[in-house]
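For reference, the chains in residue letters:
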Amino acid sequence: MPATVIVGTQWGDEGKGKLTDLLAKQVSMVVRYQGGHNAGHTIVVDGEKFALQLLPSGVLYPHVTPVIGNGVVVNAEELVREIDRVTARGIDCSRLKVSTNAHLILPYHAALDTLREHALGDALLGTTKNGIGPAYADKANRVGLRMQDLLDADSFAVKLRSAVAEKNAFLTSIYGADPIDADELIERYLTTVVPRVTPYVADCVALLHEALDAGEHVLLEGAQATFLDLDHGTYPYVTSSNPVAGGACVGAGIGPKSIDRVIGIAKAYCTRVGTGPFLTELSDEIGALIAERGHEFGTVTGRPRRVGWFDAVMLRQAVRLNGLDEVAITKLDILDTLDEVAVCVGYELDGRRLAYPPARTDEFARCLPVYERLPGWQVDLTKCTEPHDLPEAARRYLDFLESQVGVPVSFVGTGPGRDQFVHRVV
Ligand code: IMP
């Protein structure tokens, strides 16, 4: 009953979709375990590019059951739009399952997210304004509505009316915003959302365990990444869920012993969208070149991503936090034209050398990166598909990352296409 977790090890956008695509052939189920439509997973299948937000990438493979687990927050109107978008491109979404226990993101969540960000001014978190944080807050506060509430129209209307009343008090008195019309919202949900999404609502824990018991291979697909984790990331500049591998247990309903492989995904450099500390950030022409060659713009918000060197200190911490067995390095080809590449191998804090990030955020922000510089390869990697195709300097870079991070580099992305990768034998 093999279960594999795929987890981002930096600040998101590591290219998890590419690895999912490689593994999809072997799996019968792909489960999203946290986050919501703040995620943007780009997957190229048979030359066609799909940008998925809420749908698990398994939806693109006819032999896979795609599952939205209980740990995900679902904007059901967005879900309908996304289903329609991919259906129009010939993808059959009928196999989709959405957990009865997944919480709903409702319009007041996005309104509150947006208003709060605005009120924070320069101290804003840089969220996607999709209502992720307010929806998880309601879940923790035990006032959230769940997918299963959509199954009973009368009680849904009662619960939504009461939630809107509370949120309206907040929207109007704290933020001076317009109230939400509960009648209009209930009517809209009952007529346009409920009939469309209820066919997908299922007991996903039971489905997952039936698959595992039948010896099928399940992929647990993380969104966002380790350093956006609510507990382990650079708080408060984080998302409101637990992308780390442990989050897969909670957000899908599986015990840790059922997970037998954890794959971390890291870019050959590092990017971050939104605010928060970024020790290896490059504000020079090298950063601009990497951003341009790597098309570093957010899939969801279109915002330019901040770019910096690979940070092995963060990766070492990601190995610990997720119990990584291996790392897949993506976008190595983006560094092709550089004559030198740098890797952050340690931090310096008040004259002390650190091998792991300090636990205190203020100390983390004060750390100075210590770099090792390696020669670049200045060779086009996009045709490399075997380890021996890689030039000596690129192999040395990968070996160096491996030695710094402490786990093998098992896959290397050398271009956006499905076949542009090198599988290094572990
Ligand atoms: P939220 O998840 O919308 O609350 O945003 C919180 C932080 O996570 C912000 O810095 C976002 O830019 C970041 N974030 C959320 N989802 C993603 C993602 O899929 N990739 C990269 N960053 C993300």
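Please read these numbers as outputs of a predicted model, since none were measured by experiment.

Undergrad: In this structure, what is going on with the overall build of the protein chain? I would like to understand it.
TA: Assigned secondary structure in the protein chain consists of 12 helices and 20 strands. In terms of overall dimensions, the protein chain has a C-alpha envelope of 65 × 50 × 40 Å along the principal axes. Within the protein chain, the proportion of its 426 residues that are buried is 56%. Across the protein chain, the fraction of contacts at a sequence separation of at least 24, relative to all contacts at a separation of at least 6, is 75%. By element, 53% of the accessible surface of the protein chain is carried by carbon and sulfur atoms, the whole surface being about 17,300 Å².

Undergrad: Could you clarify how one ought to interpret the sheet that holds strand 2 (residues 29-32) in this entry?
TA: Picture the strands of a sheet paired through backbone hydrogen bonds; they go either parallel or antiparallel. In space, the 10 strands of this open sheet follow the order 9-7-5-2-10-1-11-15-19-20, with mixed pairing throughout. Only two strands of the sheet have a single partner each, and these edge strands are strand 9 (201-202) and strand 20 (421-423). Sheet topology note: the strand 1 (residues 3-8)/strand 11 (residues 259-267) ladder contains six bridges and is parallel. Note that in strand 11 the partner of isoleucine 6 across the bridge is isoleucine 263.

Undergrad: For this particular structure, what's the right way to read the site of the ligand?
TA: Surveying the vicinity of the ligand reveals 17 residues, the closest of which are Asp13, Asn38, Thr128, Thr239 and Arg303. Between the ligand and threonine 128 there is a distance of 2.5 Å, counted from an oxygen atom to a side-chain nitrogen or oxygen. Protein contact buries 96% of the 470 Å² of open area that the ligand shows by itself. For the shell around the ligand, a count of residues per class yields seven nonpolar, eight polar and two charged. Two domains share the shell around the ligand, each providing at least three of its residues, namely domain 1 (1-100 + 203-426) and domain 2 (103-197).

Undergrad: Would you take a moment to explain helix 2 (residues 76-88) for this structure?
TA: The α-helix advances 3.6 residues per turn, and as a result positions three or four apart in sequence lie on the same side. With 13 residues, helix 2 extends 18 Å between its outermost C-alpha atoms, agreeing within 8% with the 18 Å of an ideal straight helix rising 1.5 Å per residue. Listed in full, the buried residues belonging to helix 2 are Ala76, Glu77, Glu78, Leu79, Val80, Glu82, Ile83 and Val86. Capping the start of helix 2 is the job of one residue whose side-chain oxygen sits 3.1 Å from the backbone nitrogen of glutamate 77: asparagine 75. Following helix 2 by one or two positions, glycine 90 has its phi on the positive side, about 90 degrees.

Undergrad: Which parts of the structure should I look at to understand the packing of helix 3 (residues 107-120) against helix 5 (residues 153-173)?
TA: Packed helices, taken two at a time, are described by the angle between their axes plus the distance between the axes. As a packed pair, helix 3 and helix 5 sit with axes 11 Å apart at the nearest point and diverge in direction by 15 degrees. Comparing the axis directions of helix 3 and helix 5 gives the class roughly parallel. Where helix 3 crosses over helix 5, the two elements pack in a sense that is left-handed. The segment helix 3 lies against helix 5, with Tyr108, Ala111, Leu112 and Leu115 engaging Leu160, Ala163, Val164, Lys167, Phe170 and Leu171. In terms of residue class, the contact of helix 3 with helix 5 is made up of nine nonpolar, no polar and one charged.

Undergrad: Just checking my understanding: could you explain the pattern of salt bridges for this structure?
TA: Side chains that differ in charge, positive against negative, can pair when their charged atoms come close. As enumerated under the stated definition, the model contains 22 salt bridges in all. The residue arginine 161 makes a salt bridge to aspartate 183 at a minimum N-O spacing of 2.7 Å. Here aspartate 183 lies in helix 6 (residues 182-197) and arginine 161 lies in helix 5, a separation of 22 residues in the sequence. The partner of arginine 424 in a salt bridge is glutamate 402, and the shortest N-O contact between them spans 2.8 Å. Taken together, the residues arginine 424 in the segment after strand 20 and glutamate 402 in helix 12 (residues 392-405) connect sequence positions 22 residues apart. Bridged by salt links that share partners, the residues Asp13, Lys267, Glu296, Arg305 and Lys331 form one connected network.

Undergrad: Sorry, what's going on with the environment of serine 155 here?
TA: With respect to the helices and strands, serine 155 occurs in helix 5. Residue classification places serine 155 among the partly exposed residues on the basis of a relative accessible area of 26%.

Undergrad: Even after reading the chapter, I still don't get the state of the cysteines, so can you show me in this structure?
TA: Two cysteines, two sulfur atoms, one covalent bond between them: this is a disulfide. Tallying each qualifying case throughout the model produces zero disulfides. Distance from the sulfur of cysteine 249, which forms no disulfide, to the nearest cysteine sulfur (cysteine 204) is 16 Å. Of the residues examined, cysteine 249 reaches a relative accessible area of 15% and is grouped as buried.

Undergrad: Any chance you could explain the side chain of arginine 95 here in plain terms?
TA: Note that arginine 95 resides in the loop between helix 2 and strand 7 (97-99). Among the polar contacts made by the side chain of arginine 95, one reaches the main-chain carbonyl oxygen of aspartate 92 at a distance of 2.9 Å. Once you skip the residues sitting within four places of it in the chain, arginine 95 turns out to touch Gly58, Val59, Tyr61, Pro62, Val64, Thr65 and Pro66.

Undergrad: Any chance you could explain the packing of aromatic side chains here in plain terms?
TA: Aromatic ring pairs are described here by two measures, namely the spacing of the ring centres and the angle between the planes. Applying the stated criterion to the full structure yields six aromatic pairs. On the numbers, 6.3 Å between centres and 70 degrees between planes, the contact of phenylalanine 170 with tyrosine 175 is edge-to-face. Given a relative accessible area of 38%, phenylalanine 170 falls into the partly exposed group. Aromatic side chains tyrosine 347 and phenylalanine 364 sit 5.9 Å apart centroid to centroid with 70 degrees between the ring planes, which places their arrangement in the edge-to-face category. Here tyrosine 347 is found in strand 16 (residues 340-349), whereas its partner phenylalanine 364 is found in helix 11 (residues 361-366), with 17 residues between them in sequence. Just above the ring of phenylalanine 50 sits the side chain of arginine 89; from NZ or CZ to the centre is 4.1 Å.

Undergrad: Any chance you could explain the nonpolar core here in plain terms?
TA: As a rule of thumb, soluble globular proteins bury nonpolar side chains together. The biggest cluster of nonpolar side chains holds 61 residues, and the ones touching the most others in it are Leu220, Phe310 and Tyr397. Look past the residues within four positions of tyrosine 397 in its chain and what remains in contact with it is Ala268, Phe310, Leu332, Leu335, Val341, Val343, Leu374 and Trp377. By size, the runner-up hydrophobic cluster in this structure holds 60 residues, among which are Leu60, Ile68, Leu112 and Phe421.

Undergrad: Even after reading the chapter, I still don't get helix 7 (residues 204-213), so can you show me in this structure?
TA: Among all positions in helix 7, only Cys204, Leu208, Ala211 and Leu212 are buried. The arc that holds the buried residues of helix 7, viewed along the axis, is 100 degrees, so those residues lie on one side. Seen from the buried face of helix 7, the exposed residues on the opposite side, beyond 90 degrees, are Glu210 and Asp213. A side-chain oxygen of the first residue of helix 7 lies 3.3 Å from the backbone nitrogen of valine 205; this N-cap is aspartate 203. Remark: glycine 215 follows helix 7 within two positions and exhibits a positive phi of approximately 80 degrees.

Parameters and conventions
Residues numbered from 1 in each chain as written. Predicted model: local features only at pLDDT ≥ 70, side-chain atom pairs only at ≥ 80, totals over all residues. Heavy atoms only, no water. Helix = DSSP H or I, 4+ residues; strand = E, 2+ residues; numbered from the N terminus. Buried < 20%, exposed > 50% of the residue type's maximum accessible area, 1.4 Å probe, protein only. Contact = heavy atoms within 4.5 Å. Areas by Shrake-Rupley, 256 points an atom, 1.4 Å probe, with all protein chains shown as cover. Pairing = 2+ DSSP bridges. Near = heavy atom within 4 Å. Polar contact = N/O pair within 3.5 Å; in protein donor to acceptor, adjacent residues only side chain to side chain. Nonpolar A, V, L, I, M, F, W, Y, C, P; charged D, E, K, R; others polar. Domains from an automatic or database assignment. Expected span 1.5 Å × (residues − 1). Axes fitted to C-alpha atoms, helices over the stretch in contact; angles between N-to-C directions. Parallel < 35°, antiparallel > 145°, perpendicular 65-115°, else oblique. Left-handed = near helix turned anticlockwise from the far one by under 90°. Salt bridge = Lys/Arg side-chain N within 4 Å of Asp/Glu carboxyl O. Disulfide = S-S within 2.5 Å. Phe/Tyr/Trp six-rings, centres within 6.5 Å; stacked < 30°, edge-to-face > 60°. Lys NZ or Arg CZ within 6 Å of the ring centre and 35° of its normal. Core = buried A, V, L, I, M, F, W, Y, C linked by side-chain atoms within 4.5 Å. Arc of directions from axis to C-beta.

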